[in-house]
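Chain by chain, the residues:
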Amino acid sequence: MFILSQLEDNVRIAPQDLGKPAELAISAALEKAFLDRVVPNLGLVVTLHDILSIGDGCVYPSDGGAHYKVSFRVIVFRPFSGELLVGKVLKMTRDGVYVDLGFFQDILIAPGDMPEPSYWKEDDKAWLWRMEGQDLFFEQGMPLRVKVQSVDFNAVPTLSQQQEQADGGEAVVGSKSRPFVPMEVKGRADGDGLGMVHWYVADDEME
């Protein structure tokens, strides 16, 4: 789920921070730039682990800040295919069930990856699994287990792509109705022990 990754970046230290110890100022700049952000094809940066090296500072004309080439390591969230995750149901739509891990919310269980047969119940705005004549609901805010199928990274849409979407009557990626998702995890809940945790707790208590 979490991996240690090494990165390099050119870090600018603002003039007002030049009086601070270099490593402290650079750590703050790196955290501001990377924490809670997705690095394409790597994952979501959770924390700065350490700084490996700091190059000589450079000052450029018309720029009062100092620039450093920095090598550092970060802890990254990137689950692997087949990994089991435990989260909570964030929300449900006809597109499926969205899962919240607390620090990451772009996990989707599509209808085809739910236990069979599963149905969307419009009155309750919820998905349910019909098992031996009994309706077992996915419940918002409750814990569930999901198995990772894939991790996909999305490129930032260009202005021309957004214009095409608008012209075609689609919701524009990056808008309030269709936020841009840089990394999305596709999961499944159609295996033994997967789905809502309380489904199986009930079974265990009966046994």
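Structure first, text after, so check above.
Residues numbered from 1 in each chain as written. Predicted model: local features only at pLDDT ≥ 70, side-chain atom pairs only at ≥ 80, totals over all residues. Heavy atoms only, no water.

This part takes up the overall build of the protein. Of the regular secondary structure elements, the protein holds 3 helices and 13 strands. At 22 Å, the protein has a C-alpha radius of gyration far larger than the 17 Å of a compact globule built from 207 residues. The principal-axis extent of the C-alpha atoms belonging to the protein is close to 75 × 50 × 25 Å. Counting the 207 residues in the protein, one finds 35% classified as buried. Accessible area of the protein: about 12,400 Å², with a carbon and sulfur share of 50%. The average position of the 19 basic charges and that of the 32 acidic charges among the side chains of the protein differ by 4 Å. (Helix = DSSP H or I, 4+ residues; strand = E, 2+ residues; numbered from the N terminus. Rg over C-alpha atoms; globule rule 2.2 N^0.38 Å. Buried < 20%, exposed > 50% of the residue type's maximum accessible area, 1.4 Å probe, protein only. Areas by Shrake-Rupley, 256 points an atom, 1.4 Å probe, with all protein chains shown as cover. Lys, Arg positive; Asp, Glu negative; His and termini not counted. Charge placed at Lys NZ, Arg CZ, Asp CG, Glu CD.)

All right, on to the sheet that holds strand E8 (residues 118-121) then. If you walk across this open sheet you meet the 3 strands as E8-E9-E10, and the pairing is antiparallel. Where the open sheet ends on each side, the last strands, each with one partner, are E8 and strand E10 (134-137). Neighbour-to-neighbour, the strand axes of the sheet open up by a mean angle of 35 degrees, direction not taken into account. One ladder, built from 4 bridges, connects E8 with strand E9 (residues 126-131); its direction is antiparallel. Looking at the pairing, Trp-120 lines up with Trp-127 of E9. (Pairing = 2+ DSSP bridges. Axes fitted to C-alpha atoms, helices over the stretch in contact; angles between N-to-C directions.)

Here we come to the pairing of strand E3 (residues 43-54). Pairing analysis gives 2 bridges linking strand E2 (residues 38-39) to E3, with the strands arranged antiparallel. Counted as the bridge partner of Val-38 is Leu-44 from E3. Between E2 and E3, which pair antiparallel one after the other, the connecting turn spans 3 residues, and Asn-41 there sits at a positive phi close to 65 degrees. Summarising the sheet, E3 and strand E4 (residues 66-77) pair through 8 bridges and their orientation is antiparallel. Residue Ile-54 lies in a different strand from E4, and its bridge partner there is Val-70.

This paragraph deals with a nonpolar patch on the surface. On the surface, Phe-2, Val-46 and Phe-103 cluster together to form a nonpolar patch covering roughly 250 Å² of accessible area. Inspection of the secondary structure puts Phe-2 in strand E1 (residues 2-13). (Patch = residues over 30% accessible without salt bridge, like charges linked within 9 Å, V, L, I, M, F, W, Y side chains within 5 Å. Salt bridge = Lys/Arg side-chain N within 4 Å of Asp/Glu carboxyl O.)

For the rest of this paragraph, the subject is unusual backbone geometry. Here Glu-116 and Pro-117 are connected by a cis peptide whose omega angle stands at -5 degrees. Of note, Pro-117 is situated in the loop between strand E7 (107-109) and E8. The residue Asn-41 is not glycine, and still its phi comes out positive at about 65 degrees. Within the secondary structure, Asn-41 sits in the loop between E2 and E3. Despite not being glycine, Ser-62 shows a phi value in the positive range, around 65 degrees. Here Ser-62 is to be found in the loop between E3 and E4.

Each pocket or cavity is described by its volume, and for the largest pocket that value is around 560 Å³. Looking at the largest pocket, it is lined by 18 residues, and the ones nearest its centre are Tyr-98, Asp-106, Pro-179, Val-181 and Glu-184. Every element with two or more residues in the lining of the largest pocket is listed here: strand E5 (84-93) and E7. Broken down by element, the residue count for the lining of the largest pocket peaks at 3 residues, all from E5. Residues that form the lining of the largest pocket fall into these classes: 9 nonpolar, 4 polar and 5 charged. As a volume, the second largest pocket reaches approximately 250 Å³. (1 Å grid on protein atoms, 1.4 Å probe; cavity = no way out; pocket = protein on both sides within 12 Å on 5 of 7 lines; lining within 4 Å. Points joined across faces, edges and corners; volume = space filled by probe spheres on them. Nonpolar A, V, L, I, M, F, W, Y, C, P; charged D, E, K, R; others polar.)

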